[in-house]
Amino acid sequence: MATPCLAWKQACFLVLSVVTVVCGLSVANHTRSPICRCMPQDPCWPEHNLWARFNKTVHGRLIATIPIASVCHIDSFAPYDKSQCDQLQSNWGFPKTHYENPSSIMAPRFTNLSCNPFSSRRSPCTIGNYVQYAVNATDVAHVRETINFAARHNIRLVIRNTGHDLLGKSTGAGGLAIWMHYMKDISIVEYVSPHYSGKAVKVGAGVQSFEGSEAAYKAGLVIVGGNCATVGLAGGYSQGGGHGQMVSQVGLAADQVLEWEVVLANGKLVTASPMEHPDLYWALSGGGGGTYGVVVSMTSKAYPELRTVSGNISFSDTGVSRDTFFAAVAKFTSILPSIGDAGGASVWWLTNTTLATAPTTIPGRTATLFNSLFSPLIEFLQQNNLQHTYYVDDFPTYYDAYQTMSPPNNITDQLLGGRLIPRSVVEQNLADLTTTLRNIVEGNDGFLISGIMVNSSRVAYPDNSVNPAWRDALMDIVMGANFDYADWDTDVARQQLITNVLMPQLEELTPGSGAYLNEADPNQIDWQQAFYGDNYDILLEIKKKYDPHSRFYAFKSVGSEAWTVVENGRLCKSQAD
């Protein structure tokens, strides 16, 4: 099986030579699929009048990409503006800077630094790995017309919503994006089926977690949403599994889905549920986004609001030995199973000097239980003179707890690697786990670890395509290294360190486990097994059934091994049809 080549600094010279000789000829040969998707520099790229005609079919919603960082450069897109550039730089880390734009994404590693707001104003600003155009789709007709146009002209098709995407699925050089961000319909419904009867929320593809949660709260309900409130609920979040602070209480986001409305590659709108197109419903519920069809709405379970306790704890290595600090890290890790068993979740991060939660939340419980669960850790910190802070409070609703304890955060410019840690490792091999975490943050300057502890199997879960490793996992941990906007070679070296040195340590510790496909090492070699587990072969058959001509491609999605991204970002077939 061919391994896709990354668009940054990894040349595939053999494929490039094939592209140069064959790509244009293959487009003219309609008896077989084109070898490569057309790019703006190719003769097969639609002329201006065709784009103008297409724009009319989507009611003037076609948007040509202007990189938002162009104000920081002397280029052909927009005049250089120092004040606007300064403002952009100060807001670059905020999700809103990107999700309100039809082309910008939040993972700089996948932009190939095409237009960098932090580089010299005289450095190049190009569209590069950003999509070439986007359609601001607000109804099914816009989606259908965009799929058809991309198919007729052999253009790379990209499905995007917020750009809140750590593996670069929502961008692509020469791409035409279906931008779902303004599909904002939300309704509370009484859902009745043989499998579930009760309250549910139906959200358009553009509804974000904070919007869906607010609508549910106003109806006296709560839903599973992201730790980051700006993720899109119906996109890669729920389609990829979806963790959050309600997961130990009711299950992953994918476990809540009752039905999907999907535009298929042939333009047909279908409903996928356990009763209709059950295979597609199964695949979309955990098997990853951007590859089976274009989801335009999702209906998921909603639950009565409930009182909630939430709190934070942090401690540092100030004034104590390194061994004592990491003994405290082990003590913290040892209490996580009991928090999960109580229906709680803990969001935490670890650096070389500090561990902090942000926050730990237990829906349906009170501070009395919370304090009892944390008492072993507090006693350890006090007995060993570790400086620490501790705060806990009761809230009348989960929504109130979330609003208070999970304020909006900046996105982080990180190079990533991730692994699902089975409960058995924490309970039976805590010493080796602590040593491995210590090796990551202590031996590599600027590295940190973030984690979320959930128990997604505490309650019964439906038959879906969520990575089976989630069902044994106590937590998802992600290691991160700072992304350097000024030194691409350093970025490459740090990512290789994660892939070749640090990830193997976690994998050796967790044989048979996997990784959360939304928060993982983009260079993961055995990604089919790591991201999808034993579901992969079935998912691939479903992909081929509903998208037989491979209209949909997303990085490391099911079926993506049939394609290769070459050095200039061009998307090419990597194996015969």
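Residues numbered from 1 in each chain as written. Predicted model: local features only at pLDDT ≥ 70, side-chain atom pairs only at ≥ 80, totals over all residues. Heavy atoms only, no water.

Caption draft 1: Looking closely at the UniProt feature "domain: FAD-binding PCMH-type" (unreviewed entry) in the chain. When the UniProt feature table is mapped to this numbering, "domain: FAD-binding PCMH-type" (unreviewed entry) covers residues 126-305. Along residues 126-305 the backbone is 25% helical and 28% strand, and the end-to-end C-alpha distance reaches 48 Å. (UniProt positions renumbered as here; feature names shortened; annotations may be inferred. Helix = DSSP H or I, 4+ residues; strand = E, 2+ residues; numbered from the N terminus.)

Caption draft 2: Spotlight on the sheet that holds strand β1 (residues 62-64). Taken in spatial order, the four strands make up an open sheet running β1-β2-β4-β3, and their pairing is mixed. Two strands close off the open sheet at either side, each with one partner strand: β1 and β3 (157-160). This sheet shows a mean twist of 25 degrees between the axes of neighbouring strands, independent of strand direction. Packing of helix α2 (residues 48-57) onto the sheet brings it into contact with β1, β2 (133-136) and β4 (176-179), and relative to β1 it is tilted by some 140 degrees. (Pairing = 2+ DSSP bridges. Axes fitted to C-alpha atoms, helices over the stretch in contact; angles between N-to-C directions. Contact = heavy atoms within 4.5 Å.)

Caption draft 3: Broad picture of the packing of aromatic side chains. Scanning the model with the defined rule gives 24 aromatic pairs in all. Summarising the aromatic geometry, the rings of Trp51 and Tyr133 are spaced 4.1 Å apart at their centres and angled 25 degrees between planes, so their arrangement reads as stacked. Taken together, the residues Trp51 in helix α2 and Tyr133 in strand β2 connect sequence positions 82 residues apart. A relative accessible area of 4% means that Trp51 is categorised as buried. Given the relative accessible area of 17%, Tyr133 is considered buried. (Phe/Tyr/Trp six-rings, centres within 6.5 Å; stacked < 30°, edge-to-face > 60°. Buried < 20%, exposed > 50% of the residue type's maximum accessible area, 1.4 Å probe, protein only.)

Caption draft 4: Examining the side chain of Gln239 more closely. Locating Gln239 in the fold gives a position in helix α7 (residues 233-239). Apart from the residues lying within four places of it in its own chain, the contact partners of Gln239 are Ala234, Trp260, Leu284, Ser285, Gly286, Gly287, Gly288, Gly289, Gly290 and Val295.

Caption draft 5: Broad picture of the sheet that holds strand β8 (residues 257-263). In space, the five strands of this open sheet follow the order β5-β6-β10-β8-β9, with antiparallel pairing throughout. Each edge of the open sheet carries a strand with a single partner, namely β5 (186-192) and β9 (269-272). Averaged over all pairs of adjacent strands, the angle between strand axes in this sheet comes to 20 degrees, irrespective of strand direction. Taken together, the seven bridges between β5 and strand β6 (residues 197-204) define a ladder with antiparallel strand orientation. In the strand pairing of β6, Glu190 is matched with Lys199.

Caption draft 6: Quick peek at empty space enclosed by the protein. Tallied over the entire structure, the rule returns six cavities of 30 Å³ or more. Volume-wise, the second largest cavity comes out at about 140 Å³. Forming the boundary of the second largest cavity are 16 residues, of which Ser213, Ile223, Tyr398, Tyr399 and Tyr402 lie nearest the centre. Elements that contribute at least two residues to the lining of the second largest cavity include exactly α6 (209-218), β7 (221-222) and α13 (398-405). The leading source of residues in the lining of the second largest cavity is α6, at five residues. Taken together, domain 2 (186-305) and domain 3 (308-533) each give at least three residues to the lining of the second largest cavity, which thus spans both. (1 Å grid on protein atoms, 1.4 Å probe; cavity = no way out; pocket = protein on both sides within 12 Å on 5 of 7 lines; lining within 4 Å. Points joined across faces, edges and corners; volume = space filled by probe spheres on them. Domains from an automatic or database assignment.)

Caption draft 7: How the structure looks around the nonpolar core. Trp260, Leu280, Phe315, Leu350, Ile449, Met475 and Phe531 are the most contacted members of the largest nonpolar core, which has 131 residues in total. Every residue in contact with Leu350, bar those within four places of it in the chain, is listed here: Phe325, Val329, Leu355, Leu437, Val441, Leu448 and Ile449. Of all hydrophobic cores here, the second largest spans 26 residues; its members include Phe54, Phe149, Ile155 and Ala265. (Core = buried A, V, L, I, M, F, W, Y, C linked by side-chain atoms within 4.5 Å.)

Caption draft 8: Focus on the pairing of strand β13 (residues 345-350). For β13, the tally of buried residues reaches five of six residues, placing the bulk of the element in the interior. Remark: three residues form the turn of the hairpin made by β13 and strand β14 (residues 354-363), two consecutive strands paired antiparallel. In this sheet, strand β17 (residues 448-453) lies alongside β13 in antiparallel orientation, the contact comprising five bridges. Bridged to Val347 within β17 is Ile452.

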